[in-house]
Amino acid sequence: MSALAALLDLLFDHTVRTVLLGASVVGFVAGALGSFAYLRRQSMMGDVVSHAALLGIAAAFIAASLVTGSGHHTLALLLGASLAGVLSILFATAVVKHSRITMDGAMAVSLALFFGGGLTLMRVIQTGPFAQRTGLNAYIFGRAAAITSADLQLIALFALVAVAFMLLNWKVFKLYSFDSVLSELVGFRGRTVEPLLQATIVLAVVIGLKVVGLILMIAFVVAPASAARQWTRSLEGMVLLSGLFGASAAVVGTLISVVAGDVPTGPVIVLVLTAIVAVSLLAAPRRGLVARALRRRRQRSELVRLAPEVHP
Amino acid sequence: MSFIAGVVALALVTALACAVPGVFLLLRKDAMMTEAVSHAVLPGIVIGLLVVGALDSPILILAAALTGLLVVLGTEYLRSTGLVEGDAPLGLLFPALFSIGIILVSRRFANVHLDEHVVLVGDLNLAAFIHLEVGDVSLGPRYLYVMLAVLLLNVAFVTRFFKELQVTTFDPDFAQLSGFSVRRLHYAFMFLVSITITAAFYAAGSILTVALMIVPAATAHLVTKRLAQMMVLTAAIAVVGALAGFGAAYALDAATSGAMAFVFGLGFVLVLAGSRAWSMLRARRALLA
Amino acid sequence: MIATGAACGSACEARCLSVGYREALVLKDVDFDVPAGVIMAIVGPNGAGKSTLMKGLLGLVAPTAGSVRFFGRAFAEVRTRIGYIPQHTAVDWDFPATVFDVVLMGTYGSLGWFRRPGKRERASSWAALERTALTHLAQRQIGELSGGERQRAFLARALAQDAELYFLDEPLQGVDALSKHAILDVMRDLRASGKTLVMVHHDPSTVRALCDWVALVNKGIVASGPVESTFSEENVRRTYAHIPTAAWFGTSAPSPASA
């Protein structure tokens with residue numbers, strides 16, 4: 001009973017509540033939109049985007065410092081991150097289109113260019129005459145505890161825009177993810193849909209940076225979608241379930257990290273997500289590994305019955 | 001050897017050691033596997049540090065490389081189940097392993113001296129700090145010899161198994177039928193990659209190894225039509241990029257590996273633009289002729 | 001015992017072979033025989049398991065059950081005597097290799113691990129290029145070739161290997177008329193010198209003209225044997241259950257699929 005009371009106490013703690021809200025919103029939106037990246041078979045693009053965002057953050061910080069005297073405008077930083085994220089995707093797709101490099105190689109080059117640039121700019125900021133630069137490192141490793149109410153408002157705003165975009169374009173995104181050729185034929189040009197879809201995913205990625213950090217953000221994109229795919233066949237079901245997986249992992253992970261104390265939140269959330277994926281892969285009905293092993297055993301014994309005499 | 005010369009030599013050898021296996025990683029379409037392995041070795045390194053106590057110990061490098069191999073095997077297993085689509089298997093395992101590493105590093109569990117910054121970009125200056133000295137003569141940073149050993153190992157493996165790597169990469173089915181065990185060679189190669197990444201961790205950090213491994217090979221791939229040519233050009237690009245990156249970092253007082261990654265990326269863009277312009281020019285000339 | 005000359009012994013025999021991917025069985029309980037010295041076609045509708053049969057025979061897809069013997073022995077003992085030409089979509093055409101490099105790969109199997117190709121291997125590669133009329137393209141990057149030339153390059157690779165039994169996965173698919181003739185000439189030459197060829201074939205209307213042995217496949221072997229007796233209208237109809245097949249039997253009728 002006292003454990004429950006302690007938990008309730010936690011929930012009424014302002015900081016904890018802010019972190020919980022922020023993390024679960026990020027988990028839901030990244031999970032939901034991660035489904036599209038998953039279905040497009042380009043989940044690792046999420047990794048490129050989260051790394052590339054650093055260049056945008058650093059550039060936005062410098063620009064904001066020059067204009068207003070202080071670089072600490074979260075909105076500017078998030079917009080910069082989104083822009084850099086979109087550019088990194090456009091860069092990778094352009095490389096594939098114009099050379100013999102395949103997508104995985106193009107992603108690696110894009111990551112190197114944008115993240116290398118980002119790190120170099122970060123160094124410029126650290127050695128330059130900029131005020132309030134200490135908060136920037138939170139975007140690299142994530143610092144959930146440092147999320148403020150102002151951050152939360154922006155996270156909510158971006159999340160709202162991303163979800164609204166997804167719902168508005170639902171039909172088009174669905175068709176495009178399922179069959180881009182057909183989508184092209186019926187008039188939804190890849191040239192338009194692709195950047196729109198990618199930009200929506202980018203919005204979901206950049207708001208997570210401060211919560212889990214750019215290195216681990218990929219888990220929020222890949223894991224919930226991979227888990228959800230095991231349980232459902234419809235896109236609607238997958239997106240919803242994926243979002244719920246992401247949000248609940250964020251809540252559980254945050255609570256564990258708060259209760260344990262001194263354990264970074266992002267990594268704990270990732271481990272919770274991994275556990276959800278493992279359970280889904282094993283236990284899902286029909287396609288799960290357990291169900292499959294049972295079926296295979298049945299099949300093999302049947303084959304042996306068919307042809308017993310050939311086997312020495 | 002002066003301190004600066006030692007840092008430059010270390011940067012150069014690290015870039016070369018990474019670039020050599022990068023050629024095959026790129027051609028096998030395993031470029032992003034580098035990213036996964038480079039993150040997955042972190043828990044191995046932390047546990048190794050707790051047990052062995054030194055980052056440059058060969059035992060630590062081998063042990064951590066095994067953690068990297070875990071991602072390779074796990075990814076292949078997930079792919080073989082067919083349950084997870086596209087490149088998602090890659091993105092499922094390494095965040096989990098990296099998270100374990102970060103949790104281990106966090107204050108609660110250990111007094112491991114592993115700065116967040118080192119995890120990201122490594123620390124070339126730190127790695128080059130302890131020099132190997134015979135009498136009064138400095139023979140350069142001690143870590144240089146670790147990297148040099150890795151480079152030699154890579155070069156020896158790639159030249160010794162050139163034919164096998166070529167045929168298993170180009171046409172695995174045919175290679176299998178010709179009597180080459182594609183899987184065995186693959187795992188041996190990936191273990192070597194994992195060793196290289198772990199060794200480069202100290203000098204380049206966990207994230208930038210992907211740049212050092214893939215970008216030189218990708219740049220060379222744009223303009224070559226034979227494998228041997230591509231390997232030589234890749235090595236040349238690695239050398240030039242490392243020197244230019246070091247110069248840029250020196251001028252900006254930035255982390256060498258970050259600047260190196262950026263310079264490699266820029267080099268790729270320039271070569272791509274140049275080769276595109278060249279082929280367009282040739283096409284136009286052919287049209288006029 | 002080494003079986004070479006025409007109709008002397010069996011080049012390949014499979015018993016009770018079942019092949020599948022994961023849990024979906026594509027072929028169930030197949031018996032399959034190839035006599036030495038023939039050109040054999042494996043034909044059947046799309047998705048019938050033609051390529052899977054070939055891959056199952058060669059062990060590229062692990063069989064779920066059954067056994068396969070080549071020249072009366074296990075594959076591993078005779079692998080240098082078996083050549084394979086993959087479907088041309090199966091490789092990366094941007095790979096940095098010239099036509100010569102690809103053909104030279106044919107000699108790798110006999111070299112084994114460690115040994116490098118030397119003068120002899122180079123000579124046999126040049127000879128193979130000559131036979132497939134590709135000498136002038138030897139230094140091109142493979143991606144620069146046309147579909148037919150690519151197929152010939154892979155045929156040259158199989159020739160450089162100097163095998164006795166060749167498996168070809170759709171060698172005539174997407175190939176221009178000139179290359180088609182060059183490929184068929186080489187195949188007939190090989191048969192004349194006692195070699196055996198098994199090809200997955202997409203065009204049933206040309207089976208009679210090109211092959212002397214046939215296996216009709218649809219999720220299993222429908223019928224298999226000499227073309228004259230096996231490639232009957234009834235057997236073919238049973239294989240291609242819902243497809244109009246009459247046109248494939250007029251010997252002089254133009255074949256719609258080979259154009």
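The model shown is predicted, which means the values in this text are computed figures rather than measured ones. (Residues numbered from 1 in each chain as written. Chains lettered and ligands numbered in written order. Predicted model: local features only at pLDDT ≥ 70, side-chain atom pairs only at ≥ 80, totals over all residues. Heavy atoms only, no water.)

**Describing the pattern of salt bridges**
Tallied over the full model, the rule gives 14 salt bridges over all chains. Residue Glu184 of chain A pairs with Arg189 of chain A through a salt bridge whose shortest N-O separation is 3.5 Å. For Glu184 of chain A, a relative accessible area of 31% gives the class partly exposed. A relative accessible area of 48% means that Arg189 of chain A is categorised as partly exposed. Residues Arg15 of chain C and Glu13 of chain C are paired through a salt bridge, measuring 3.2 Å at the closest nitrogen-oxygen approach. A residue is classified by how much of its surface remains accessible, and Glu13 of chain C, at 28% relative accessible area, is partly exposed. Here the salt bridges share partners, and the residues they tie into one network are Glu13, Arg15 and Asp33 of chain C. (Salt bridge = Lys/Arg side-chain N within 4 Å of Asp/Glu carboxyl O. Buried < 20%, exposed > 50% of the residue type's maximum accessible area, 1.4 Å probe, protein only.)

**A closer look at the interface of chain B and chain C**
Across the boundary between the two partners, chain B contributes 31 residues, which contact 35 residues of chain C. Buried area between chain B and chain C, both sides added, is near 3,000 Å², and the carbon and sulfur share of it is 62%. Our count for the chain B to chain C interface comes out at 3 salt bridges. Its salt-bridge partner being Asp101 of chain C, residue Arg226 of chain B comes within 2.4 Å of it at the nearest N-O pair. (Contact = heavy atoms within 4.5 Å. Buried area = accessible area lost by both parts, 1.4 Å probe.)

**Examining the packing of aromatic side chains**
As enumerated under the stated definition, the model contains 16 aromatic pairs over all chains in all. Consider the rings of Phe161 of chain B and Trp113 of chain C, whose centres lie 6.0 Å apart with planes at 80°: the pair is edge-to-face. Of the two residues, Phe161 of chain B sits in the loop between helix H7 (142–160) and helix H8 (162–170) while Trp113 of chain C sits in the loop between helix H4 (108–111) and helix H5 (119–131), which places them in two different chains. A relative accessible area of 15% places Phe161 of chain B in the buried class. One aromatic cluster is present, built from ring pairs that chain together Phe24, Phe157, Phe161, Phe180 and Phe189 of chain B together with Trp113 and Phe114 of chain C. Residue placement shows Arg81 of chain C over the ring face of Phe71 of chain C; its charged tip is 4.2 Å from the ring centre. Geometry around Phe174 of chain B places Arg157 of chain C over its ring, the cationic atom sitting 3.5 Å from the centre. (Phe/Tyr/Trp six-rings, centres within 6.5 Å; stacked < 30°, edge-to-face > 60°. Helix = DSSP H or I, 4+ residues; strand = E, 2+ residues; numbered from the N terminus. Lys NZ or Arg CZ within 6 Å of the ring centre and 35° of its normal.)

Shape is all these values report; function is a separate question.
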